[in-house]
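Topology and contacts: notes
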Amino acid sequence: MPVLVHTFAALLTLGALAWTLWCGLEERGTALAFGVLIVVGELARWSGGGAAVDREPAPLATAAALAYALLGDNAGQPTHHGVHQVVTVAVAAGLVGCVPHVAAGRGPSLDHMARRVLTVAFAAVCCQPLYNAGKLQEWVGSGPYHALWVVGVLALSALCDAVLAAAMAHARTGWPFGPLLRDELRAMLGIGSAVCATGAVMSLAVTVAGLWALPVFSLPLLLTQLAYRRYAAVRTTYRQTIASLARATEIAGYTPPGHARRVAALSRAVGRELGLSEPDLTVLEYAALMHDIGQLSLVDPVAAGATAALPAEEQRRIALLGGAVVRQTGVPAEVAVVVERQADPYRDQPLPARIVRAANAYDELVREEGPGGPLTALERLRLATGHDYAPEVVESLTRVLSRGTSVLWQRAV
C-alpha cells in the first residue's frame, strides 16, 4: 500500500510537471504568491512532538496548497490554472521549503509528501475543471453556495486524507484499520480543522480582495501553529517526567533496568492491536511505565522485581500502594486506577489493567526462562488464561510478537 501510494503520487507529480512545462505557467504572479506562502509554511514546519502533531507538521503549507487548488477568481478576475499547475506549484514550492530541513537531517517523510500531493490533487480535480468549463458558476454561483461548495470539497479532501493515512498505517503495522481511522478523524478536529478553515478562507478572500488577503489570513494559522507546538512540547516534557519517575524502581534496585519501558512499549502495541483510541493508549502507556512504583514501599525488594510470582494478596497490596503514589504525581486519575487494579482477577479488571498485567508477566517470564524465553513465556500465559490473564489479551500479545514487535519491545528506550 505505501509503495503504491508513493508511486502514484510520483507519477502524478511527473505528469503535472511535464504538462506545465509543455503548456506554460498561467497567471505567474498568482502562482508565485501561493508558492511563496507554501515555502514559508514549509520553513515553519515543526519536527517531533508526538503522533498527534506529526499528522500535520506543515499546516500553513497545506492550507496554502489547498487554497490554490480551490481558487477560481483573483480579485474578481478569472484564473485559468488547472490541476496540473496546482500540483506543480505545490510540489515545487514544498521541495524548496524542505531544503533547510533536509540539510539538517529532519526532512518530511515520504508518506506526508505523497498524501499532500494526492489530497491537493483531489481538491483541484473537484474544482478546477468545473470552474474552467463554467459549470461551477452555473451550478453554485458566487454567493453563499460557492462558500458551501468550497467547505464541502475541503471536508471531503480531509476525509480522503484520513482514510489514506489510516490505510497506510494499517499496511505498515497490521493494526486494525477502524481504530486507526478513528484516531485520524479525531486528530482532524484539532489542527486539521484549522488547516481546512484557513484554506477555505484564503481561497474565498483572494476571490474578492486579491493576493493581499494571503498574508492577512495566514497569520491566524501561524499563531495556532505556535500554540500547538507549545502544547506538544508540554506533552513531551510531561511524558519524560513520568518516564523518569518510573525509573525510580530501577535506580533503587527493585526492578531490572529497562523493565518499565519494555512493558510500556509492549502494552501500547497490544492496546493498538485491541483497538484502543489514542487517549486510552496514552493512559495505558503511563500506567505501564508506573506499574511497579508500589514496590518502593517494600522493605526488601522482590527478587528480580518479579511481582507476578507473588501471592495474589501481596500483588494487590503493592498495586494499591502504587496507585496511591501515582495519585500524588498529578497524572490523570485513570492512570492510578489502572495501576491499582492490575492485580485484580482479570474478569474484574478494565482492559488497560488486563494489558499491563499480561505485558508485565511476559517480560518477567522471558527473563526467567533464558534463551527460549519468548515461546515458553507465551505458553505459560496461555495456560494461565483460565484464571490469571484475559484470553483476548494473550492472543493479541501473540499476534503483536509474531509481527516482529518483539524487536521494539527488546529495544524499548
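Since the structure is predicted, the reported quantities are computational estimates derived from the model, not experimental observations. (Residues numbered from 1 in each chain as written. Predicted model: local features only at pLDDT ≥ 70, side-chain atom pairs only at ≥ 80, totals over all residues. Heavy atoms only, no water.)

**Here's the deal with the overall build of the protein chain**
To keep things clear, this is the line we draw: In this description a helix means any DSSP run of H or I spanning at least four residues, a strand means any run of E spanning at least two, and both kinds are numbered starting from the N terminus. A 1.4 Å probe rolled over the protein chains alone gives each residue an accessible area, and that area as a share of the maximum for its type sets the label: buried under 20%, exposed over 50%, partly exposed in between. Contacts between residues were defined by any pair of non-hydrogen atoms, one from each residue, lying within 4.5 Å. Here the accessible surface of atoms and residues is derived via Shrake-Rupley with a 1.4 Å probe, and residues count as covered only by protein chains that are part of the display. None of His or the chain ends enter the tally, which takes Lys and Arg as positive and Asp and Glu as negative. By convention, the charge on Lys lies at NZ, on Arg at CZ, on Asp at CG and on Glu at CD.
Across its full length, the protein chain holds 18 helices and two strands. Across the 413 residues that make up the protein chain, the buried fraction comes to 50%. The contacts in the protein chain between residues at least 6 apart in sequence include a share of 71% that link residues at least 24 apart. Only carbon and sulfur atoms are counted for the fraction: they give 66% of the accessible area of the protein chain, which is about 18,900 Å². Computing the positive centroid from 32 side-chain charges and the negative centroid from 32, the protein chain places the two 3 Å apart.

**Here's the deal with the packing of helix H10 (residues 213-246) against helix H13 (residues 278-289)**
Under the convention used in this document: Every angle, taken between N-to-C directions, lies between 0 and 180 degrees, and every axis is a line fitted to C-alpha atoms, over only the stretch in contact when it is a helix. Should an angle fall under 35 degrees it is taken as roughly parallel, and over 145 as roughly antiparallel, whereas 65 to 115 is taken as roughly perpendicular and any remaining angle as oblique.
Where H10 contacts H13, the axes come no closer than 9 Å and their chain directions differ by 30 degrees. Here H10 lies roughly parallel to H13, going by the angle between them. Of the residues in H13, those touching H10 at Arg-235, Tyr-238, Arg-239, Ile-242, Ala-243 and Ala-246 are Thr-282, Glu-285, Tyr-286 and Leu-289.

**Section: the UniProt feature "transmembrane region" (unreviewed entry) in the protein chain**
In plain terms, the rule: UniProt positions are given in the numbering used here, feature names are shortened, and annotations may be inferred rather than shown by experiment.
Residues given the UniProt feature "transmembrane region" (unreviewed entry) here are residues 28-46, 82-104, 116-134, 146-167 and 187-205. End C-alpha atoms of residues 82-104 are separated by 34 Å, and the span's content is 91% helix alongside 0% strand.

**Some words on a nonpolar patch on the surface**
Here is the rule we go by: Residues form patches when they are more than 30% accessible in relative terms and have no salt bridge. Like charges link within 9 Å. Nonpolar side chains (Val, Leu, Ile, Met, Phe, Trp, Tyr) link within 5 Å. Only one rule defines a salt bridge in this text: a Lys or Arg side-chain nitrogen within 4 Å of an Asp or Glu carboxyl oxygen.
On the surface, a nonpolar cluster with roughly 360 Å² of combined accessible area is contributed by Leu-156, Leu-159, Val-163, Phe-177 and Leu-185. Broken down by secondary-structure element, the contributors of at least two residues to the nonpolar patch are helix H8 (144-173) and helix H9 (177-209). In terms of residue count, H8 provides more of the nonpolar patch than any other element does, three residues in total. One can find Val-163 in helix H8.

**Let's talk about unusual backbone geometry**
The residue Glu-27 is not glycine, and still its phi comes out positive at about 45 degrees. Take Glu-27: it is sitting in the loop between helix H1 (2-23) and helix H2 (28-43). Notably, Ala-75 is not glycine yet its phi reads approximately 55 degrees, a positive angle. For Ala-75, the position within the fold is in the loop between strand S1 (73-74) and strand S2 (77-78).

**Re the pattern of salt bridges**
Charged atoms that come close allow side chains of opposite charge to pair. In this structure the tally under the stated criterion is 19 salt bridges. The shortest N-O distance in the salt bridge between Arg-341 and Asp-344 comes to 3.4 Å. Judged by relative accessible area, which is 29%, Arg-341 ranks as partly exposed. The partner of Arg-357 in a salt bridge is Asp-388, with the nearest N and O atoms 3.7 Å apart. Highlighted residues: Arg-357 in helix H16 (residues 351-369) and Asp-388 in the loop between helix H17 (373-383) and helix H18 (391-410), separated in sequence by 31 residues. The class for Arg-357 is buried, based on a relative accessible area of 13%. Bridged by salt links that share partners, the residues Asp-183, Arg-186, Arg-239, Arg-268, Arg-272, Glu-278 and Glu-285 form one connected network.

**Brief notes about empty space enclosed by the protein**
A probe matching the size of a water molecule, rolled over the atoms, marks out where space remains unfilled. Selection criterion: Space inside and on the surface of the protein is sampled on a 1 Å grid over the protein atoms alone, with a cavity defined as a set of points where a 1.4 Å probe fits but cannot get out and a pocket as an open set with protein on both sides within 12 Å along at least 5 of 7 lines; lining residues have an atom within 4 Å of a point. Grid points are joined across faces, edges and corners, and a volume is the space filled by probe spheres set on the points. Under the scheme applied here, ten amino acids are nonpolar (Ala, Val, Leu, Ile, Met, Phe, Trp, Tyr, Cys and Pro), four are charged (Asp, Glu, Lys and Arg), and all others, including Gly, are polar.
Enumeration according to the criterion identifies one cavity of 30 Å³ or more in this entry. Forming the boundary of the largest cavity are Leu-70, Leu-71, Gly-72, Cys-127, Gln-128, Tyr-131, Leu-136 and His-146. Its residues assigned to classes, the lining of the largest cavity shows five nonpolar, three polar and no charged.

**Side note on the domain arrangement of the protein chain**
Rules: All the domain ranges listed were derived from an automatic or database domain assignment. In this description, buried area is defined as the sum, over both parts, of the accessible area (probe of 1.4 Å) that is lost when the two are combined. Within 3.5 Å is the distance limit for a polar contact, defined as a pair of N or O atoms, with the added protein rule that one can donate a hydrogen and the other accept it, and that residues adjacent in sequence qualify only through two side-chain atoms.
Domain boundaries assigned for the protein chain yield domain 1 (1-233) and domain 2 (253-405). Computed over C-alpha atoms, the centres of domain 1 and domain 2 are 42 Å apart. Counting residues at the interface gives 11 residues for domain 1, matched by nine residues for domain 2. Here domain 1 meets domain 2 over a buried area of about 760 Å², counting both sides, of which 51% is carbon and sulfur. Asp-183 is paired through a salt bridge with Arg-272; the nearest N and O atoms lie 3.2 Å apart. At the surface where domain 1 touches domain 2, the tally comes to four residue pairs in polar contact (both at pLDDT 80 or more). Element by element, the count of residues in the side of domain 1 that touches domain 2 is highest for H9, at five residues. Across the side of domain 1 that touches domain 2, the residue classes tally to five nonpolar, two polar and four charged.

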